[in-house]
Amino acid sequence: MNIENIKQPFIKTFPGDFSDNPMQRNTPKVLFSTIRPAGFDNPKLIIFNEKLSEQIGLGTYEDKDLNFLVGNHLPENIQPYATAYAGYQFGNWAGQLGDGRAIYAGEITNNNQTTEIQWKGAGATPYSRHADGRAVLRSSVREYLMSEAMYHLRVPTTRALSLSLTGEKVVRDMMYNGNPQEEKGAVIIRTAESFLRFGHFELLSAQKEYQTLKNLADFTIKNYYPEITSEDTQKYKDFFGSICKRTADLMVEWYRVGFVHGVMNTDNMSALGLTIDYGPYSMMDEYDLNFTPNTTDLPGRRYSFGKQGQISQWNLWQLANALYPLINDETFMEKTLNDYGNYFWEAHDKMLCSKFGFDNLLKEDEDFFTNWQGLMQELQLDYTLFFNRLEKHDELSNVTTLFQDISYTVLDEEKLRKLNHFIGSYQTRLDKNSISKEEAILMMKKNNPKFTLRNYLLFECIEEINEGKTGLLDQLIHALENPYEEIYPEFSKKRPSKYNDISGCSTLSCSS
C-alpha cells in the first residue's frame, strides 16, 4: 500500500501536545495529542477492503502491510495522534472527551478527494478515560460491516478499510451487568472525508479558545464545504446552515432504510453530516417508533427510532451555542434551527413518498403517513419486508398471503381487516400519481432495500468468525454490496423468534 503518501495537515495547523504520553488526562488549549499505537505481536488479517483501498489511493494489499493495518512499525512520515473533543452524553454535559479508542494515521488524497485514516482499537490515548483503548472482535465486526452496508445503501457514512485480530484477549462487560469476560481483541481501520464532530467545536467554545475555534471553522469550510464562498460573519452563518441541512438529510436517510443509531450524543455527530461511531445500533425489524437498541438508553429511550429527528435538532442547538462566538446573531440562530424542523419534515415526507411510489407530496399524505405508522406499530410489521411486499401491486388483494409471515404478532381477523382497509387507501392514493404503476414500482425498488444488515445476522457472523469460519461473512459482504437486489432469499425474512431475547440480536449496550 502507498502509505508513504499519507499526510498530516491537521497536526501542522492546530495546537497540540507532542509528548506521545498515553497518560489519561485533560489537555487544555490543544486539539490533539500525539500517541503511538500499542503494537501487537500476533496480528491476523480477517478482511481487507480492496475496492476502497484502490479508490482512496492506498493501492493493493501485500502481506507486509499487515503491520500498518494494526499500527505496528510505522514509517517516519506518520506521527499518530488522537483528537480532543467534548460533548453532551444523554443530554448531560460531559466535558472533555476525545478519541479514546481511535488513533489517526493522517489523510491521503487521490483524484482531488481527501480521506482521513484512523485505527480503532490500537491502544490507549490521553482521552481513553481510564479504559484500555482496545476493541473486541464483536464490536469491530459490527462497525466494519455496518459502515460498508450504509455506504452501499447510499447513506453518508464513514467506511472500513480492514479488520484484523490483534492476538490479544480483551476483557469486556458486554451488558454492564457485572459479568466481564475475555474476548478476542481486534483493530479496524476506518476512513472518512473527515471525522470532525460537533464536539470538537464544543470543546474549544467551552474553553473560550475562540481564535482556535475560528481557525477550526475556517479549516473545515476550506476543506469540506467548498460551496461556501462568503466572507466574514456570513461565512460562519452559511457554515452552520449547511451543517443543519446535511444533518437533516442524514436523518431522513436513516429513516428511509430503518437505521437506529442508539447513542446520538453530540460527540457522535459528524460536522460533515456522516454516520459515525457504530456502537449499539440496529436496523429496524418490527416497526416501532419507541425502539432503541441501546440498553443504556432505557427506560428514557432518548435515542429511540422516532426521536432521531428531534434529537438531531437538539444537538444542533448545542452546536449553535458553540459557534455563537463566531456568529453573534441570536435571531439568525433561532430562525435557522426553527427552519430545520420544517426542512426535515418536508424532506422526511418526500422520502416516504419515494418508498410508497408516490411521485409528488399531497396535502392529504400527512394523514396517510400517520395512519400507516399506527398500523405498522399495532400489527408489528417488519419495516423492510413491508415495503418489499407493497411493491407487488398486482397481489395486494390477498393481504393474508403477503403480510402474515412478516408480522411479529398473529394477524387475527380484526388486524387483517385494518390491513385491508389501509391497502385500499394506498391503492386510491396511487391512482393520484401522474406516473404509471410500473414507474411507481421502479421508484420503490430504488428506495426500498431488499437486504438490511440485521443484528441477528451480525450475531451469527460474529459467532462463526470466533470459530475461525468466514462463509457467512463473505455472504453478508456480497449481500450488503447489493442491497437493492435479493441475492440471498434466506436473508429476506423477519428475525427468527429464537433470537428475540438474545443479547446482541435486538438490543446491545454501549460496550457492544
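Here, the structure is the one placed above.
Keep in mind the model is a prediction, meaning the values are calculated, not measured. (Residues numbered from 1 in each chain as written. Predicted model: local features only at pLDDT ≥ 70, side-chain atom pairs only at ≥ 80, totals over all residues. Heavy atoms only, no water.)

Novice: Run through the overall build of the protein chain, naming residues and quoting values.
Specialist: Within the protein chain, the regular secondary structure consists of 16 helices and 13 strands. For 512 residues, the compact-globule estimate of 2.2 N^0.38 gives 24 Å, and the C-alpha radius of gyration of the protein chain, at 23 Å, lies within 12% of that figure. Taken along its principal axes, the extent of the C-alpha atoms in the protein chain is 70 × 60 × 45 Å. Split into buried and exposed, the 512 residues of the protein chain put 58% on the buried side. At a minimum sequence separation of 6, the contacts of the protein chain that also span at least 24 residues come to 70%. Of the accessible surface of the protein chain, which amounts to about 21000 Å², a share of 47% is contributed by carbon and sulfur atoms. Looking at the protein chain, you have 53 positive and 69 negative side-chain charges, and the mean spots of the two groups are 1 Å apart. (Helix = DSSP H or I, 4+ residues; strand = E, 2+ residues; numbered from the N terminus. Rg over C-alpha atoms; globule rule 2.2 N^0.38 Å. Buried < 20%, exposed > 50% of the residue type's maximum accessible area, 1.4 Å probe, protein only. Contact = heavy atoms within 4.5 Å. Areas by Shrake-Rupley, 256 points an atom, 1.4 Å probe, with all protein chains shown as cover. Lys, Arg positive; Asp, Glu negative; His and termini not counted. Charge placed at Lys NZ, Arg CZ, Asp CG, Glu CD.)

Novice: Give me empty space enclosed by the protein: which residues, what numbers.
Specialist: With the rule as written, the count across this model stands at 3 cavities of 30 Å³ or more. In this structure, the largest cavity encloses a volume near 50 Å³. Together, Phe10, Tyr81, Thr83, Tyr104, Glu116, Ser194, Phe195, Leu196 and His200 line the largest cavity. Considered class by class, the residues forming the lining of the largest cavity number 5 nonpolar, 3 polar and 1 charged. (1 Å grid on protein atoms, 1.4 Å probe; cavity = no way out; pocket = protein on both sides within 12 Å on 5 of 7 lines; lining within 4 Å. Points joined across faces, edges and corners; volume = space filled by probe spheres on them. Nonpolar A, V, L, I, M, F, W, Y, C, P; charged D, E, K, R; others polar.)

Novice: Could you give me a rundown of the pattern of salt bridges, with the residues and numbers involved?
Specialist: Where charged atoms of side chains with opposite charge meet at close range, the side chains can pair. Counted by the stated rule, this structure contains 32 salt bridges. For the salt bridge of Lys415 with Asp412, the shortest nitrogen-to-oxygen distance reads 3.8 Å. For Lys415, a relative accessible area of 17% corresponds to the buried category. (Salt bridge = Lys/Arg side-chain N within 4 Å of Asp/Glu carboxyl O.)

Novice: I'd love a proper account of the side chain of Thr166, names of residues and values included.
Specialist: Its place among the elements puts Thr166 in strand β10 (residues 159-172). Within the structure, the side chain of Thr166 is placed 3.1 Å from the backbone nitrogen of Glu168, a separation counted as a polar contact. Thr166 has contacts with Phe40, Asn42, Pro43, Gly185, Ala186 and Val187, leaving out every residue within four places of it along the chain. (Polar contact = N/O pair within 3.5 Å; in protein donor to acceptor, adjacent residues only side chain to side chain.)

Novice: A description of a negative patch on the surface should follow, citing residues and the corresponding values.
Specialist: Taken together, the side chains of Asp394, Glu395, Glu438 and Glu439 present a region of like negative charge at the surface. On the secondary structure map, Glu439 appears in helix α14 (residues 437-447). (Patch = residues over 30% accessible without salt bridge, like charges linked within 9 Å, V, L, I, M, F, W, Y side chains within 5 Å.)

Novice: Describe the environment of Pro299, listing the residues and the values that go with them.
Specialist: Relative to the elements of secondary structure, Pro299 occurs in the loop between β13 (282-283) and α8 (308-327). A relative accessible area of 78% means that Pro299 is categorised as exposed. Along the sequence, Pro299 and Trp254 sit 45 residues apart, while their C-alpha atoms lie 22 Å from each other.

Novice: Outline the pairing of strand β5 (residues 86-89), supporting the account with residue identities and numerical values.
Specialist: The two faces of the sheet receive side chains in turn, since in a regular strand these alternate between them. Where β5 meets strand β6 (residues 92-96), 3 bridges bridge the pair, whose relative direction is antiparallel. Looking at β6, one finds that Ala86 is bridged to Gln96. The antiparallel pairing of β5 with β6 creates a hairpin that spans 2 residues between the two strands, and Phe90 there sits at a positive phi of about 55 degrees. (Pairing = 2+ DSSP bridges.)

Novice: Residue-level account of the nonpolar core, with values.
Specialist: Counting residues in hydrophobic clusters, the biggest one holds 127 residues, and the most contacted among them are Leu145, Phe356, Phe386 and Phe403. At 12 residues, the largest contribution of residues to this core is made by helix α7 (residues 232-257). Those residues in contact with Phe386 that sit more than four places away from it in its chain are Phe356, Trp372, Met376, Leu381, Phe403, Ile406 and Phe422. (Core = buried A, V, L, I, M, F, W, Y, C linked by side-chain atoms within 4.5 Å.)

Novice: Describe the packing of helix α9 (residues 330-356) against α14, listing the residues and the values that go with them.
Specialist: For any two helices packed against each other, the geometry is given by the interaxial angle and the distance between the axes. Interhelical geometry of α9 versus α14 gives an angle of 115 degrees and a closest axis separation of 6 Å. Facing Cys353, Ser354, Lys355 and Phe356 of α9, the residues of α14 in contact are Met443, Met444 and Asn447. In terms of residue class, the contact of α9 with α14 is made up of 4 nonpolar, 2 polar and 1 charged. (Axes fitted to C-alpha atoms, helices over the stretch in contact; angles between N-to-C directions.)

Novice: If you had to explain the packing of aromatic side chains to someone new, which residues and values would you point to?
Specialist: The final tally for this structure, using the stated rule, is 50 aromatic pairs. Judged by centre distance (6.2 Å) and plane angle (85 degrees), the rings of Tyr104 and Phe195 are edge-to-face. You can see Tyr104 sitting in strand β7 (residues 102-110) and its partner Phe195 sitting in the loop between β11 (181-192) and α5 (198-206), a full 91 residues away along the chain. Residue Tyr104 is classed as buried on the basis of its relative accessible area of 3%. The aromatic ring of Phe332 is capped on one face by Lys237, whose charged end is 5.3 Å from the ring centroid. Sitting over the face of the ring of Tyr408, Lys494 holds its NZ or CZ atom 5.5 Å from the ring centroid. (Phe/Tyr/Trp six-rings, centres within 6.5 Å; stacked < 30°, edge-to-face > 60°. Lys NZ or Arg CZ within 6 Å of the ring centre and 35° of its normal.)

Novice: Any chance you could break down the environment of Lys237 for me, citing the residues and the numbers?
Specialist: Relative to the helices and strands, Lys237 resides in helix α7. Classification of Lys237 by relative accessible area gives buried; the value is 16%. Lys237 sits 96 residues away from Met333 along the chain, and the two C-alpha atoms are 8.3 Å apart. Other than its neighbours up to four places away in sequence, Lys237 contacts Ile327, Asp329 and Phe332. At 2.9 Å, the side chain of Lys237 and the side chain of Asp329 are in polar contact.

Novice: Tell me about the packing of α7 against α9, and name the residues and values.
Specialist: Taken N-terminus to C-terminus, the directions of α7 and α9 make an angle of 30 degrees; their axes are 9 Å apart at the nearest point. One way to sum up the angle between α7 and α9 is to call them roughly parallel. Remark: the crossing between α7 and α9 carries right-handed chirality. Between α7 and α9, the contacting residues are Lys237, Phe240, Gly241, Cys244, Lys245, Thr247, Ala248, Asp249, Met251, Val252, Tyr255 and Arg256 on the first element and Phe332, Met333, Thr336, Leu337, Tyr340, Tyr343, Phe344, Ala347, His348, Met351 and Lys355 on the second. (Parallel < 35°, antiparallel > 145°, perpendicular 65-115°, else oblique. Left-handed = near helix turned anticlockwise from the far one by under 90°.)

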